[in-house]
Amino acid sequence: MPGIEKLPIEETLEDSPQTRSLLGVFEEDAAAISSYSHQLFQAMQRIYDAQNELSAATHLTSKLLKDYEKQRFPLGGDDEVMNSTLQQFAKVIDELSSCHAVLSTQLADAMMFPITQFKERDLKEILTLKEVFQIASNDHDTAINRYSRLSKKRDNEKVKSEVMEDVYTSRKKQHQTMMHYFTALNTLQYKKKIALLEPLLGYMQAQISFFKLGSENLTQQWEDFLTNIGTSVQNVRREMDGEVDTMQQTIQDLEQASDLLYMPDPDPNKIPIDRTLTRKAGYLNMRNKTGLVSSTWDRQYFFTQGGNMMSQSRGAVAGGLVMDLDNCSVMAVDCEDRRFCFQITSFDGKKVGILQAESRKDCEEWIATINNISKRIYLSENPEEIAARVNQSALEAVTPSPSFQQRQESLRTVSMQSRPKAGRSSSQSSVGSESPALSSLSLDSLVAPDTPIQFDIISPVSEEYSGQAKSAAQGRRTNPFGESGNSHSEDGEDSILHQLFIVRFLGSMEVKATENTDVIYETMRQILAARAIHNIFRMTESHLLVTCECLKLIDPQTQVTRLRFPLSSVVLCASHQENKRLFGFVLQTAGGKGDGRPVVVCYIFESNNDGEKICDSVGLAKQIAFHSEMDRRATEKQKELEKAKEKQQEELTKQKQIEKQDLEEQSRLIAASSRPNPPTADGQFLVLSNSQSEDSDAGEEGRKKGESEA
C-alpha cells in the first residue's frame with residue numbers, strides 16, 4: 001500500500017546503525033499490535049461465548065416452558081390457561097433459539113477465525129523470526145571478534161581458514177535471517193489492517209442476518225399475542241398491589257394486638273389465664289432421657305387433636321402421636337434445670353412425658369387444657385362452659401394445707417368441711433380413670449376423711465420422735481453410706497444393708513386401711529389430682545437411705561436427716577401398677593391419737609429409679625432385720641443353755657472334790673488308829689514328826705488301796 005514506510009531489505013547486509021534503529025521502531029510497533037490484537041481477541045471471544053450461552057439458555061428456556069404442563073404445583077389453579085400461554089411462548093422462543101444457533105455459527109466462521117489466525121500464526125511468526133535473528137546477530141559478532149584477533153605474525157593456516165569460514169557462515173546466516181525478518185515486519189503492516197477489519201465485517205454481517213431472520217419470524221400475529229399478554233400482566237400486577245396493601249394493614253393490626261405477647265413470660269394481670277380451653281397448640285420443650293442421669297430437651301410444636309397430644313418438628317409434613325390424653329393425669333413439676341415444667345402420665349402409666357412451656361401462663365393453660373381433655377369435656381356440645389364449671393368446682397372442693405401445722409389447725413377448725421369434698425373431687429378430677437360411681441364408702445374405708453393432704457416434708461413421725469431424739473439429731477450429719485466415727489450409733493450404721501435412692505416427696509395423708517396396696521394407689525391418685533388442680537410445682541428432693549433398722553430422708557446438700565422412719569413401723573410398701581417411678585409406704589405408729597388408736601399415714605414419692613426396686617429394698621431390709629432378730633434370740637438361748645451346762649458341771653466337780661477329801665480324811669484317821677508307835681532300845685517311844693506321819697499315812701493308804709483293787 002502506498003505511503004507505508006517499510007524496512008529497506010537492500011541494506012540488511014550492511015547492517016548500519018540507522019537500519020538497526022529503524023528495526024527497533026518496527027519491533028515496537030509489532031509489540032503494540034500484538035498487545036492490542038490480544039485485547040481485541042478477548043473481547044470478541046466474550047461476544048462469541050455470550051452468544052453460545054444465549055443460544056443454549058434460549059433453548060433451555062423453550063424446553064422448560066414445554067415441560068410446564070408436566071409439573072404438578074400444589075396451589076395450581078389456572079393451569080390450563082397458563083399451559084396454552086406458555087406453549088405459545090415456547091414456540092416463539094424455540095424459533096429464536098434456532099436463530100441464535102445460526103448466529104453463533106456465523107460468528108465462529110466470520111469473526112473468530114480471522115482474528116485467531118492473525119494471533120496464532122502471524123504474530124507468533126514475528127516472534128520466532130525475532131529470536132532467530134537475535135541469535136544469528138550474536139553469532140556474527142562473535143565470529144568477527146575472533147577474526148579481528150588474528151595476529152600479524154605468521155599464523156597457523158588451518159586456524160585462519162577456520163576463522164574465515166566461521167565469519168562467512170555467520171554473516172550469511174545473519175543476512176538471510178535479517179531479510180526474512182524485515183519482510184515479515186513489512187508484511188505485518190498489511191496484515192494488521194486485514195486482521196482488524198475482517199472480523200468486524202463478519203460480525204456485522206452475522207448480526208444483520210440474525211435480525212433478518214428475527215424479522216421474518218416475528219409476524220403481526222405474534223405482536224398481537226404479546227400485546228394481550230402485556231395487558232394480562234398489568235392486571236395481575238394491580239391485583240397483587242391491592243393484596244399487598246391488605247396484608248400490610250393486617251400486619252399493622254397484628255403488631256398492635258400482639259405487643260404484649262412478645263414477652264416470653266407476660267404479666268398474668270394483663271393477659272389472664274384461660275382455664276376453659278379444650279384445644280391448644282404451641283411450641284414446647286420435651287425432655288428425652290439419654291442416660292441414667294443425663295437428658296436433652298427438644299423443641300417441637302405440640303397440639304391437641306381430639307383426645308390425643310400430637311407433636312410436629314419444624315419442616316415435617318405431618319404430626320405424630322405423643323400420648324393419648326383420655327383419662328391421663330397431668331401435674332406441674334419442679335425440674336432442677338428448667339422452669340415452667342409439667343408432667344403428663346398416660347392412663348396405664350406406661351408413658352410419662354415432661355414438657356416445658358415458655359411462661360407460667362402457658363404452663364397453666366396447658367395443664368388446664370389437658371385436664372379438660374382427660375375428662376372428655378371436648379365431646380360435649382358446649383365444652384367451654386362445662387370446663388369453666390368443672391374447674392371452678394375443683395378449685396372450691398380441694399383445699400390442701402401445705403404443712404403439718406396447718407393440717408393440725410384445719411383438723412381442729414374445719415374437720416367436718418374440708419376433707420370429704422377434697423377426697424372425692426380430687427380422686428375424680430385428677431386421673432379420670434375412676435367413674436363418678438365411686439362411692440364415698442369405698443373411699444372412707446381407705447382414706448381418713450378428716451385429714452387434709454400434706455405437700456411438704458414435715459410429717460407427724462418427725463414430730464413424734466422430736467421429743468426423744470431432738471438433741472441428738474439436731475445439726476447431726478448423717479453419712480448415707482453408713483460410715484461413722486461413732487460405733488454406737490442408734491441408727492445402726494453397722495448394718496449390713498445400706499442402699500441410697502434419689503426421691504422427691506409428693507405428699508402424704510392419713511389413711512385407714514393397712515391390709516392391701518389399694519390404699520397406696522388411692523393416696524397416689526388423690527395427691528396427684530390435688531397437685532394438678534392447685535398447680536403446686538415444688539417437690540422436695542431427698543436421699544432415701546434404706547437400712548436394716550430404719551428409713552431415712554437425708555438432705556442432699558447438708559446431709560442432715562430430715563425424717564427417720566423405724567423399719568418396724570413400715571407396714572406396707574408398693575409402687576404404682578403402671579407408672580413404676582411412683583411408690584409409697586404406709587407408716588403405723590402406736591398411741592398417736594388421744595383415744596390410744598395408732599396413727600396410719602401414707603407417704604407418696606417419685607423416684608429416678610424403678611419404684612419396685614425401692615420396695616424390694618425395703619422388703620429385703622425387713623427380712624434381714626427379722627432374720628437378724630431370730631438369730632439374736634437363738635444365740636442368746638444357746639448362750640443360756642451353755643451357761644446352765646457349765647454351772648451344772650462346776651457343781652459336779654465341786655461334789656467330787658468334796659467326796660475325795662472326805663475319803664482321804666477317813667483313810668488318815670484309820671491309819672492313825674490301827675498302827676501303834678514301836679518302843680526304842682532304851683525303852684522309850686519314838687516320836688515321829690508331822691511330815692513323816694503324813695508320809696506314812698499316805699503310804700499306808702496307797703498300800704491299802706492297792707490291796708483293795710487287787
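Since we're looking at a predicted model, the values are computed, not measured.

1. Digging into the sheet that holds strand β10 (residues 550-554)
If you trace the seven strands from one edge of the open sheet to the other, you get β11-β10-β9-β8-β14-β13-β12, paired in antiparallel fashion. Looking at which strands have only one partner, the edges of the open sheet turn out to be β11 (561-566) and β12 (570-575). The sheet shows a mean angle of 30 degrees between the axes of neighbouring strands, taken without regard to direction. Sheet strands touched by helix α11 (residues 518-534): β8 (499-510), β12, β13 (582-589) and β14 (599-607). Its angle to β8, the strand with the most contacts, is close to 80 degrees. Here helix α12 (residues 611-674) sits on the sheet and contacts β8, β9 (540-546), β10, β12, β13 and β14; the angle it forms with β12, its principal contact strand, is near 155 degrees.

2. A short note on the sheet that holds strand β5 (residues 329-333)
Pairing is antiparallel across the open sheet formed by seven strands, whose spatial order is β4-β3-β2-β1-β7-β6-β5. Of all the strands in the sheet, just β4 (320-324) and β5 have a single pairing partner and so form its edges. Averaged over all pairs of adjacent strands, the angle between strand axes in this sheet comes to 40 degrees, irrespective of strand direction. Note: β5 against strand β6 (residues 341-345), five bridges, orientation antiparallel. Along β6, the bridge assignment pairs M331 with Q343. Helix α5 (residues 360-374) contacts β1 (281-289), β2 (295-305), β3 (308-312), β5 and β6 of the sheet and is inclined by roughly 15 degrees relative to β6.

3. Focus on a nonpolar patch on the surface
Taken together, the side chains of M240, V244 and M247 make up a nonpolar region of the molecular surface, amounting to roughly 260 Å² of accessible area. Positionally, M247 belongs in helix α4 (residues 220-257).

4. Considering α12
Taking 1.5 Å per residue, 64 residues should reach 94 Å; α12 reaches 95 Å between its end C-alpha atoms and fits that length. Among the residues of α12, those classed as buried are G611, I614, C615, S617, V618, A621, I624 and A671. Looking at where α12 begins, the residue whose side-chain oxygen comes 3.2 Å from the main-chain nitrogen of E612 is D610.

5. Some thoughts on the state of the cysteines
If you walk through the whole model with that rule in mind, you get zero disulfides. No disulfide involves C341; its sulfur sits 3.6 Å from that of C335, the nearest cysteine.

6. Notes on the pairing of β13
Each regular strand displays side chains that alternate between the two surfaces of the sheet. Here β13 lies mainly inside the structure; seven of its eight residues are buried. Where β12 and β13 come together, five bridges link them in antiparallel fashion. By the bridge assignment, A574 is partnered in β13 with G584. Connecting the antiparallel pair β12 and β13 is a turn made up of six residues.

7. Brief notes about the packing of aromatic side chains
One pass over the full model with this rule turns up eleven aromatic pairs. Here the aromatic rings of F505 and Y603 are separated by 6.4 Å at their centres, their planes lie at 50 degrees, and the arrangement is tilted. In this pair, F505 is assigned in strand β8 and Y603 in strand β14, connecting sequence segments 98 residues apart. Grouping residues by exposure puts F505 and Y603 together as buried. Geometrically, the ring pair formed by F565 and Y603 is tilted, given 5.1 Å between the ring centres and 55 degrees between the ring planes. A residue pair is termed long-range when its members are at least 10 positions apart, and F565 in strand β11 and Y603 in strand β14 qualify at 38 residues. Grouping residues by exposure puts F565 and Y603 together as buried. A connected cluster of aromatic rings, assembled from ring pairs, spans F505, F565, F583, F585, Y603 and F605. K119 extends its terminal NZ or CZ atom over the ring of F41, reaching a point 5.2 Å from the ring centre.

8. Re the pattern of salt bridges
Counting across every chain of the model gives 23 salt bridges. R668 is paired through a salt bridge with E665; the nearest N and O atoms lie 2.5 Å apart. Here R668 pairs with E665, and both are found in helix α12, just three residues apart, close to one helical turn. With relative accessibility at 35%, the residue R668 sits in the partly exposed group. Under the relative-accessibility criterion, E665 is labelled partly exposed at 38%.

Thresholds, definitions, all that
The residue count restarts for each chain, going from 1 along the sequence in the order it is written. With pLDDT at 70 or above as the cut-off, local features in this predicted model cover only qualifying residues; side-chain atom pairs require 80 or more to be listed or tallied, and sums for whole chains, interfaces and linings still use all residues. For the side-chain quantities, the full set of heavy atoms in the structure was used; hydrogens and water were omitted. Paired strands, in this sense, are two strands between which DSSP finds at least two bridges. Counting from the N terminus, the helices are the DSSP runs of H or I reaching at least four residues and the strands are the DSSP runs of E reaching at least two. Here the axes come from fitting lines to C-alpha atoms, over the contacting stretch only for helices, and the angles between their N-to-C directions go from 0 to 180 degrees. Should any heavy atoms of two residues lie within 4.5 Å, those residues are considered in contact. Grouping into patches uses exposed residues only, defined as over 30% relative accessible area, and leaves out salt-bridged ones; the cut-off is 9 Å for like charges and 5 Å for nonpolar side chains (Val, Leu, Ile, Met, Phe, Trp, Tyr). Each accessible area is a Shrake-Rupley result for a 1.4 Å probe, and residues are judged covered by the shown protein chains and nothing else. Any Lys or Arg side-chain nitrogen located within 4 Å of an Asp or Glu carboxyl oxygen qualifies as a salt bridge. The span you would expect from a helix comes to 1.5 Å times its residue count less one. We call a residue buried when its accessible area falls under 20% of the maximum for its residue type, exposed when it is over 50%, and partly exposed in between, using a 1.4 Å probe and counting protein chains only. Any pair of N or O atoms that falls within 3.5 Å is considered a polar contact. Within protein, one atom must be able to donate a hydrogen and the other to accept it, and sequence-neighbouring residues count only if both atoms are side-chain atoms. The rule for a disulfide is simple: a pair of cysteine sulfur atoms within 2.5 Å. Centres within 6.5 Å are what make two rings of Phe, Tyr or Trp a pair, Trp counting through its six-membered ring; a difference in plane orientation under 30 degrees is then read as stacked, over 60 as edge-to-face, and the rest as tilted. The rule for a charge over a ring is simple: NZ of Lys or CZ of Arg within 6 Å of the ring centre, and within 35 degrees of the ring normal.

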